[in-house]
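Given next are the chains, with one letter for each unit.
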Amino acid sequence: MNPPERMFAEQVNVMSAASKQRGRQERIESLGIPKPRFMQWWERSNKVDWAFRVAMAAVAALAILVCCRTWRPPFAYRTGAVPSRDLITRVTFQVPDEAATEVTRTQKRRDVLALYSNRTQPIIQLRGALKDQLFLILGATSFDQMNEEDRKAFAQFYAGDETAEPGDTPAARFALFKSVLADDPELQKVDDAVRNMLQPIDEHGLLTAMQHAIDQGSQRMIRVYPAGRPADAEPFELSKVRIAQVRPDLQKRLAEQFRLQFPGDPAQTVARMISEWIGQRLPDTLQYDDELTEKERQKVAADVEPVMTTHYRGDTKLADAGKSLGPKQILLLKREWEELTAKIRWRDSFARMSAYLGMIGAFYLLCGTYIFFVDDRALILERSKLAKLLILLSATVVLSYYASRDEWRGELIPLVLSSIVCAVVYGREPALLFMAAACLSVTLLLGADISELVMMAAACTSCTLLLGRIRSRTHLLYVGCISAAITMATVLGVGIVTGQTLAAGEPVSEINANIPVLGFYVTVGGLLREAAWAGMCIVVSATAMTGLLPLVEKGFGIQTDLSLLELGDASHPLLRRLAQRAPGTYNHSINVASIAEAAADSIGANGLLVRVGAYFHDIGKMFKPEYFIENQSHGINQHDSLQPAMSTLVIIAHVKDGADLARSHHLPGPIIDFILQHHGTTLVEYFYREAAKRSEEDPNGESVSDKDFRYPGPKPQSLEAAVLMLADTVESASRTLVDPTPARISGLVTAISQKKMADGQFDECGLTFRQLDRIRQSLVKSLTAIYHARVKYPGQQSA
């Protein structure tokens, strides 16, 4: 092989080895074919940050799924709603029959054995009284020798009877007493007989008549307990305690006891006389205990099992079509829903949650696409802003879900509050999109119908579109009142369109139940009440938002016109200090604020924000006011003794000093942004040229770089900051015009605006050429009005 061939073979081997060492991806990239944009974005993106933001969105979606209990079907029925079809039960279930249950409870309460307390003391006293009377009688030796007291005592036992047999006289009875009781001078046997006779009474007591009513307990039996011992209560039939029924039995018992103690027929006569005396004086020993009996009745009633009524799947009608739902129908539908929910399988629950998750994902995609390609993509790219947006919308959906309970019906309150917050923080267009997604989510989560969606959309849309700029404390109240009127009209219109007024309605009474027109008025009355409630919710929400507005501004870092007007008060400590230490700078700030506000308004920017920002944009000059030309007097220039680079540092320092001063006084973030951005990265031309001139004159001098003579930035990030930059520059430059004619002012403004644009100062704020031209025209008009020519009166000296 000759040398050229050998060299060619070596080159081929080297190239082959190199191609083997390169990967497939490197070989493809070496062709220079561009990758799809998505792939390019994915390779350049921060994977960790992207994953963190996706995780935040996932947490928000999971919070909605869990808090709104999406694994079960919603209960979509409300009192007063008019179903368009008959509602047939979807599952077999039972509900308590309150009427039948109450009948059973009443019967059980009536069957309770009333509790009576038995006091034995009256019986003991009766026995004692009997012995006293007998002792009086037996103390007399004969009937004739009895005194008046003895005769009265004996008359209690026997006073004589016209129907008595011959010979049966009081004297004979007295003799009978004496003969029978002669063997018992201490009356011990009599007392034992009486005690044995009355022994059952000690257990169950005596009662003349029942002391409790029919509905307070059984009239056949009672429970008796010794006084102070309710735990020992025992049941007894009333026949054993009623005195009228107990009296004959007592006579028999005493006759038996006397037969054992005193043999012979005369003893039975005495026993009959004593038993009659006792029977006439039997006391009530039982006392009805209402408190304990009532506890027993309550306990028995509570233990009654509810009487259940069965409703069969596909057979039982729960509500009629065309009739408003009342409390009874709602109770049945609620019970059916609970039974249905309890029987849902986990696969069905998982499918429901997956469907809701897909809905939330679709809303994420819709809103995210709009934000990224149309609106401010910083809402997605910045974690803090994304977190605040997700928290706001998630909280709105969850609070609306729980506030929609039938007894509250307050779902409009969170939605209206959120729509106002979104309009204030993000603007009208994003707010409309966000609230549309929130209203759809709430409607689907509640299982509500189209009329509910239209009502929520009307309330949120009207509040968002009417809000505008909040320049007074009553503005939100006006917005709430007008939105309430619109929503009320919407509720009535949708109710009529959906045919709710065609329902028969509930009759006012049985007399007019057959008058159809009354049903119409009842239904329309229900619509009016619903509309009035919706309007009141909106007004309450708007009124509450007036007090919540400072918290919204603090939490989201934004300022409304109301807070800006308060901040722009000339009595603010920083502005008063600026007027004292740097009066020239203060006058310059007032002029800049005037012309910048008009310029911002001309392009649709927030002129009030620009005006307030202009008041504070140069507060950093307070630290060294004499180094700025507008504050110098007597022709003394502090920069004459400084090098250009040092003078530049002094001039540039007012930006950082102003930002630090604003932060220490807790000025809002947008105002601090004005302070940092109103010079952007522009060149301090005067000192740069002076340094360049000195460098050229010095043979040994180093070349001067313009980077050392530029402000640190950042460049204006908003239209308002760009307007302030131009206004600040042209106001200062216009003071140098010897004869500020309109033509010269126009030329100056045009030259400055073109120079700023050429320097790239407007590259990051989205300013268009059309907007720049309108700003220029407004600035020229404002400066011309300030420096307009004045009529020179005769004899007036030239200034």
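All figures in this text were calculated on a predicted structure; none of them were measured in a lab.

1. Here we look at the overall build of the protein chain
And step 1. Looking only at helices and strands, the protein chain has 31 helices and 8 strands in total.
And step 2. Within the protein chain, residue pairs in contact and separated by at least 24 positions form 75% of the contacts whose partners lie at least 6 positions apart.
And step 3. Of the roughly 43,900 Å² of accessible surface on the protein chain, 57% is carried by carbon and sulfur atoms.

2. Some words on the packing of aromatic side chains
And step 1. Enumeration over the complete set of coordinates arrives at 16 aromatic pairs.
And step 2. Aromatic pair F143 and F154: ring centres 6.1 Å apart, planes at 75°, arrangement edge-to-face. In this pair, F143 is assigned in the loop between α6 (121–138) and α7 (148–155) and F154 in helix α7, connecting sequence segments 11 residues apart.
And step 3. On the basis of relative accessible area, F143 is assigned to the buried category, the value being 19%.
And step 4. What makes F154 buried here is its relative accessible area of 1%.

3. Topic: the pattern of salt bridges
And step 1. Counted under the stated rule, the structure contains 36 salt bridges.
And step 2. Of the charged contacts in the structure, one is a salt bridge between R259 and E256, with a shortest N-O distance of 3.1 Å. Residue R259 and its partner E256 are both found in helix α10 (residues 243–261); the two are separated by 3 residues, about one turn of the helix.
And step 3. A network of salt bridges, in which partner residues are shared, links R127, D191, D192 and R195.

4. Quick look at the packing of helix α16 (residues 383–403) against helix α17 (residues 412–426)
And step 1. Following both chains from N to C, one finds α16 and α17 inclined at 160°, their axes separated by 9 Å at the closest point. Comparing the axis directions of α16 and α17 gives the class roughly antiparallel. The two elements α16 and α17 meet at a crossing, and its hand is left-handed. Contacts from K385, K388, L389, L392, L393, T396, L399 and S400 in α16 reach P414, L415, S418, V421, C422 and Y426 in α17.
And step 2. Per-class residue counts for the contact of α16 with α17 are 9 nonpolar, 3 polar and 2 charged.

5. Some words on a nonpolar patch on the surface
And step 1. Together, L62, V66 and W71 give the surface a local cluster of nonpolar side chains, amounting to about 270 Å² of exposed area.
And step 2. Taking the relative accessible area as the measure of exposure, V66 reaches 43% and is therefore partly exposed.

6. A few points about unusual backbone geometry
And step 1. Omega for the bond connecting G713 with P714 falls within 30 degrees of zero, at 10°, which places this linkage in the cis form.
And step 2. A positive phi angle, near 55°, is found at R409, a position not held by glycine.
And step 3. With respect to the secondary-structure elements, R409 resides in the loop between α16 and α17.
And step 4. Accessibility expressed as a relative area gives 21% for R409, which makes it partly exposed.

7. Examining the confidence of the model for the protein chain
And step 1. With 88% of its residues at a pLDDT of 70 or more, the protein chain has an overall mean of 86.
And step 2. Scored below 50 in pLDDT, residues 503–519 shows 17 contacts in the model against residues more than four places distant or in partner chains.

8. A word on the environment of G547
And step 1. Relative to the helices and strands, G547 resides in helix α21 (residues 516–556).
And step 2. Separated by 74 residues in sequence, G547 and R473 place their C-alpha atoms 9.3 Å apart.

9. What to know about the sheet that holds strand β3 (residues 114–118)
Sheets are built from strands paired through backbone hydrogen bonds, the pairs being either parallel or antiparallel.
And step 1. Strand order across the open sheet formed by 4 strands is β5-β4-β3-β6, with mixed pairing between neighbours. The two strands at the open ends of the sheet, each matched to only one other strand, are β5 (234–237) and β6 (286–288). In this sheet, adjacent strand axes meet at a mean angle of 40° when their direction is disregarded.
And step 2. In this fold helix α12 (residues 290–302) packs onto β3, β4 (221–226) and β6, with an angle of close to 150° to the strand it touches most, β3.

10. Describing the state of the cysteines
And step 1. In total, this model carries 0 disulfides according to the counting rule given.
And step 2. Counting only cysteine sulfurs, C67 is the nearest neighbor of C68, a cysteine outside any disulfide, at a range of 6.5 Å.

11. What about the pairing of strand β2 (residues 93–96)?
And step 1. Here β2 shows one buried face, formed by F93 and V95, and one open face, formed by Q94 and P96.
And step 2. Pairing of β2 with strand β7 (residues 308–311) involves 4 bridges; the strand directions are antiparallel. Its bridge partner lying in β7, Q94 is registered against T310.

12. Remarks on helix α19 (residues 450–467)
And step 1. Its 18 residues place the ends of α19 26 Å apart at the C-alpha level, agreeing with the 26 Å of an ideal helix rising 1.5 Å per residue.
And step 2. Three or more residues of α19 are buried, namely S451, E452, L453, M455, M456, A458, A459, C460, S462, C463, T464 and L467.
And step 3. Looking at the residues trailing α19, positive phi occurs at G468, about 60°.

13. As for the side chain of S563
And step 1. Examined against the element boundaries, S563 turns out to sit in helix α22 (residues 561–567).
And step 2. The exposure class assigned to S563 is buried, which follows from its relative accessible area of 15%.
And step 3. Polar contacts involving the side chain of S563 include one to the main-chain carbonyl oxygen of T560, which spans 2.9 Å.

14. Some points on the nonpolar core
One broad trend across soluble globular proteins is that nonpolar side chains are buried collectively.
And step 1. Residues L412, L415, I420, C422, Y426, F434 and M545 are the most contacted members of the largest nonpolar core, which totals 58 residues.
And step 2. Elements supplying a minimum of two residues to this core: α4 (47–67), α14 (346–373), α16, α17, α18 (428–446), α19, α20 (475–497) and α21.
And step 3. If one sorts the elements of this core by residue count, α17 sits on top with 11 residues.
And step 4. Ignoring sequence-local partners within four residues, the contact set of Y426 consists of L379, K385, K388, L389, L392, F434 and F556.
And step 5. Residues F616, I672, C765 and L767 belong to the second largest nonpolar core, which totals 52 residues.

15. Concerning the pairing of β3
And step 1. Counting buried positions along β3 yields 5 of 5 residues, so the element is predominantly enclosed.
And step 2. Note that β3 and β4 share 5 bridges and pair parallel. Following the sheet pairing, N118 is matched in β4 by P226.

16. Structural notes on the packing of α17 against α19
And step 1. Interhelical geometry of α17 versus α19 gives an angle of 30° and a closest axis separation of 9 Å. Of the possible angle classes, the one that applies to α17 and α19 is roughly parallel. Once α17 is placed against α19, the crossing between them reads as right-handed. On α19, the residues that touch L412, L415, V416, S419, I420, A423 and V424 of α17 are M455, M456, A459, C460, C463, T464 and L467.
And step 2. In terms of residue class, the contact of α17 with α19 is made up of 12 nonpolar, 2 polar and no charged.

17. Overview of the environment of L181
And step 1. Its place among the elements puts L181 in the loop between α8 (170–180) and α9 (188–204).
And step 2. For the pair L181 and F262, spaced 81 residues apart in sequence, the C-alpha to C-alpha distance is 8.3 Å.

18. A few points about the environment of V610
And step 1. Summarising the element assignment, V610 is placed in helix α25 (residues 607–616).
And step 2. The contact partners of V610, leaving out residues within four places of it in the chain, are A596, E597, A600, F674, E720, V723 and L724.

19. Structural notes on helix α29 (residues 719–734)
And step 1. Its 16 residues place the ends of α29 22 Å apart at the C-alpha level, agreeing with the 22 Å of an ideal helix rising 1.5 Å per residue.
And step 2. α29 sits mainly inside the fold: 13 of its 16 residues count as buried.

Parameters at a glance
- Residues numbered from 1 in each chain as written.
- Predicted model: local features only at pLDDT ≥ 70, side-chain atom pairs only at ≥ 80, totals over all residues.
- Heavy atoms only, no water.
- Helix = DSSP H or I, 4+ residues; strand = E, 2+ residues; numbered from the N terminus.
- Contact = heavy atoms within 4.5 Å.
- Areas by Shrake-Rupley, 256 points an atom, 1.4 Å probe, with all protein chains shown as cover.
- Phe/Tyr/Trp six-rings, centres within 6.5 Å; stacked < 30°, edge-to-face > 60°.
- Buried < 20%, exposed > 50% of the residue type's maximum accessible area, 1.4 Å probe, protein only.
- Salt bridge = Lys/Arg side-chain N within 4 Å of Asp/Glu carboxyl O.
- Axes fitted to C-alpha atoms, helices over the stretch in contact; angles between N-to-C directions.
- Parallel < 35°, antiparallel > 145°, perpendicular 65-115°, else oblique.
- Left-handed = near helix turned anticlockwise from the far one by under 90°.
- Nonpolar A, V, L, I, M, F, W, Y, C, P; charged D, E, K, R; others polar.
- Patch = residues over 30% accessible without salt bridge, like charges linked within 9 Å, V, L, I, M, F, W, Y side chains within 5 Å.
- pLDDT = per-residue confidence, 0-100.
- Pairing = 2+ DSSP bridges.
- Disulfide = S-S within 2.5 Å.
- Expected span 1.5 Å × (residues − 1).
- Polar contact = N/O pair within 3.5 Å; in protein donor to acceptor, adjacent residues only side chain to side chain.
- Core = buried A, V, L, I, M, F, W, Y, C linked by side-chain atoms within 4.5 Å.

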